Amino acid sequence: MTFKIDKQDQYTVFTLEEPQLDAVIAPKLKSELIILQQEGSRNLILDLSHVNFVDSSGLSAILTGNRLWKKQGTFVVAGKLHPSVAKLIEISRLDTVLILIPTVSEAIDYVIMEEVERELKAE
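### What about the packing of aromatic side chains?
Then step 1. Per the stated rule, a full pass over the model turns up two aromatic pairs.
Then step 2. For the ring pair Phe 3 and Phe 14, a centre distance of 4.8 Å and an interplane angle of 15° mean the geometry is stacked. Here Phe 3, found in strand S1 (residues 3–7), pairs with Phe 14, found in strand S2 (residues 12–16); they are 11 residues apart in sequence, far enough to count as distant.
Then step 3. When its relative accessible area of 0% is taken as the criterion, Phe 14 is described as buried.
Then step 4. Ring plane angle 25° and centroid distance 6.3 Å describe the contact between Trp 69 and Phe 75, whose orientation is recorded as stacked. Note on accessibility: Trp 69 and Phe 75 belong to one class, buried.

### With respect to the sheet that holds strand S7 (residues 99–101)
Then step 1. Strand order in this open sheet of five strands is S1-S2-S4-S6-S7, and the pairing throughout is mixed. In this open sheet, the two edge strands, each paired with only one partner strand, are S1 and S7. On average, each strand axis in the sheet is inclined to that of its neighbour by 20°, with strand direction left out of account.
Then step 2. Of the pairings in the sheet, the one linking S1 to S2 comprises five bridges and is antiparallel in character. In the strand pairing of S2, Lys 7 is matched with Thr 12.

### Examining the nonpolar core
Then step 1. In this structure, Leu 21, Leu 48, Ile 62 and Phe 75 are the most contacted members of the largest nonpolar core, which totals 24 residues.
Then step 2. Only S2, helix H1 (26–38), strand S4 (43–47), helix H2 (56–69), strand S6 (74–78) and helix H3 (83–91) provide two or more residues apiece to this core.
Then step 3. Counting nine residues, the second largest nonpolar core, distinct from the first, contains Val 13, Val 76, Ala 78 and Ile 108.

### Let's talk about H2
Then step 1. Over its 14 residues, H2 extends 20 Å from the first C-alpha to the last, a length consistent with the 20 Å expected when each residue adds 1.5 Å.
Then step 2. Every buried residue belonging to H2 is among Gly 58, Leu 59, Ala 61, Ile 62, Thr 64, Gly 65, Asn 66 and Trp 69, and all of these are buried.
Then step 3. Where H2 is buried, its residues meet strand S3 (20–21), H1, S4, strand S5 (53–54), S6 and H3.
Then step 4. Where H2 begins, the side chain of Asp 55 points an oxygen toward the backbone nitrogen of Ser 57, at a separation of 3.0 Å.

About the criteria used
- Residues numbered from 1 in each chain as written.
- Predicted model: local features only at pLDDT ≥ 70, side-chain atom pairs only at ≥ 80, totals over all residues.
- Heavy atoms only, no water.
- Phe/Tyr/Trp six-rings, centres within 6.5 Å; stacked < 30°, edge-to-face > 60°.
- Helix = DSSP H or I, 4+ residues; strand = E, 2+ residues; numbered from the N terminus.
- Buried < 20%, exposed > 50% of the residue type's maximum accessible area, 1.4 Å probe, protein only.
- Pairing = 2+ DSSP bridges.
- Axes fitted to C-alpha atoms, helices over the stretch in contact; angles between N-to-C directions.
- Core = buried A, V, L, I, M, F, W, Y, C linked by side-chain atoms within 4.5 Å.
- Expected span 1.5 Å × (residues − 1).
- Contact = heavy atoms within 4.5 Å.
- Polar contact = N/O pair within 3.5 Å; in protein donor to acceptor, adjacent residues only side chain to side chain.

Right, dumping it as structure tokens:
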């Protein structure tokens, strides 16, 4: 599995550089997400802009990320999604569950604003 990880203070960007997120890739992605969560990455941006196919295993891996970050921070799926990927997310109604943002830079802005809100609520 080919990917890039960009760790910053407030967020981590995980860019999957594979054309398919399927039964071969999904278990590896889940493992990497678990490692990042255990390392303390508070917010994760999953960049799927290189992915042009996702199957049910891939959706499961995405949902694993969403579940892992639900209590500790923010999980965002970013990148201009391939039409088939966007359609699958829409058909499975995951567009009502996931935070989908069209670019990584917008996702970073979103995550930083979420962090500010959490800090204000904590005071």
